[in-house]
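Observations on the three-dimensional arrangement
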Amino acid sequence: MTDTVSDYLTRVRNAIKANHRIVEVPASNLKKEITRILFEKGYILNYKFEETSNKQGVIKIALKYHPVTKISAIRSLDRVSSPGLRKYSSVVSMPRVLNGLGIAIVSTSKGVITDKEAKKLNVGGEVLCYIS
């Protein structure tokens, strides 16, 4: 597997389309940070890191749905930067997702943060994905 972030986003996207409540994803530090951001911004209900027999571990993500309409809180997950074609952005050219309603997850020298936090910290970096 060369693109683990793309695999992460695809697993979550497929679980949402199948109306699953929980999705399990192999863990890594980058995926843990993306999951933390999704939780802080209210796109997922909860998450838990579990150690397994191998060193890697598993992230269990509880997906968030509207109680009446059963529509997911996550509308779209789009991978921007891939191993074959990295996309970097400076502070002045930081992308806006859905005119500010969505978030872009950016890997910077200050860690994995959202596009709004990157503008506040005045840092640019690799744009990993768009979430709306």
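Residues numbered from 1 in each chain as written. Predicted model: local features only at pLDDT ≥ 70, side-chain atom pairs only at ≥ 80, totals over all residues. Heavy atoms only, no water.

To continue, consider the sheet that holds strand E1 (residues 22–26). Spatial strand order, E1-E3-E2: 3 strands in an open sheet with antiparallel pairing. The sheet is open, and its two edges are formed by E1 and strand E2 (44–50), each paired on a single side. On average, each strand axis in the sheet is inclined to that of its neighbour by 20 degrees, with strand direction left out of account. Note that E1 and strand E3 (residues 58–63) share 5 bridges and pair antiparallel. Across the sheet, residue Val23 finds its bridge partner in E3, namely Ile61. Running over the sheet, helix H1 (residues 4–17) touches E1 and E3 and is turned about 165 degrees from E1. (Pairing = 2+ DSSP bridges. Helix = DSSP H or I, 4+ residues; strand = E, 2+ residues; numbered from the N terminus. Axes fitted to C-alpha atoms, helices over the stretch in contact; angles between N-to-C directions. Contact = heavy atoms within 4.5 Å.)

Together, Lys41, Arg96, Lys116, Lys119 and Lys120 make up a positively charged patch on the protein surface. Tracing the chain through its elements places Lys119 in helix H3 (residues 115–121). Residue classification places Lys119 among the partly exposed positions, given a relative accessible area of 38%. (Patch = residues over 30% accessible without salt bridge, like charges linked within 9 Å, V, L, I, M, F, W, Y side chains within 5 Å. Areas by Shrake-Rupley, 256 points an atom, 1.4 Å probe, with all protein chains shown as cover. Salt bridge = Lys/Arg side-chain N within 4 Å of Asp/Glu carboxyl O. Lys, Arg positive; Asp, Glu negative; His and termini not counted. Charge placed at Lys NZ, Arg CZ, Asp CG, Glu CD. Buried < 20%, exposed > 50% of the residue type's maximum accessible area, 1.4 Å probe, protein only.)

Moving on, we come to the pattern of salt bridges. Counted by the stated rule, this structure contains 8 salt bridges. Salt-bridge contacts for Glu24 lead to Lys60; the nearest nitrogen and oxygen are separated by 3.4 Å. One end of the pair, Glu24, is in strand E1; the other, Lys60, is in strand E3, and 36 residues separate them in sequence. Looking at Glu24, the relative accessible area reads 43%, which means it is partly exposed. In this structure, Arg86 and Glu126 form a salt bridge, with 3.0 Å as the shortest nitrogen-oxygen distance. Placement of Arg86 in the loop between strand E4 (77–79) and strand E5 (88–89) and of Glu126 in strand E8 (residues 125–131) is noted, with a sequence separation of 40 residues between them.

Next up on the list: unusual backbone geometry. Backbone geometry places Leu98, a non-glycine residue, at a positive phi of 50 degrees. In this structure, Leu98 sits in the loop between E5 and strand E6 (103–108). Look at Asn99: it is not a glycine, yet its phi comes out positive at around 55 degrees. Looking at the secondary structure, you find Asn99 in the loop between E5 and E6.

What follows concerns the pairing of E3. With 5 of its 6 residues buried, E3 lies for the most part within the structure. Pairing of E2 with E3 involves 6 bridges; the strand directions are antiparallel. Looking at the pairing, Asn46 lines up with Ala62 of E3.

In short, geometric facts, not functional conclusions.
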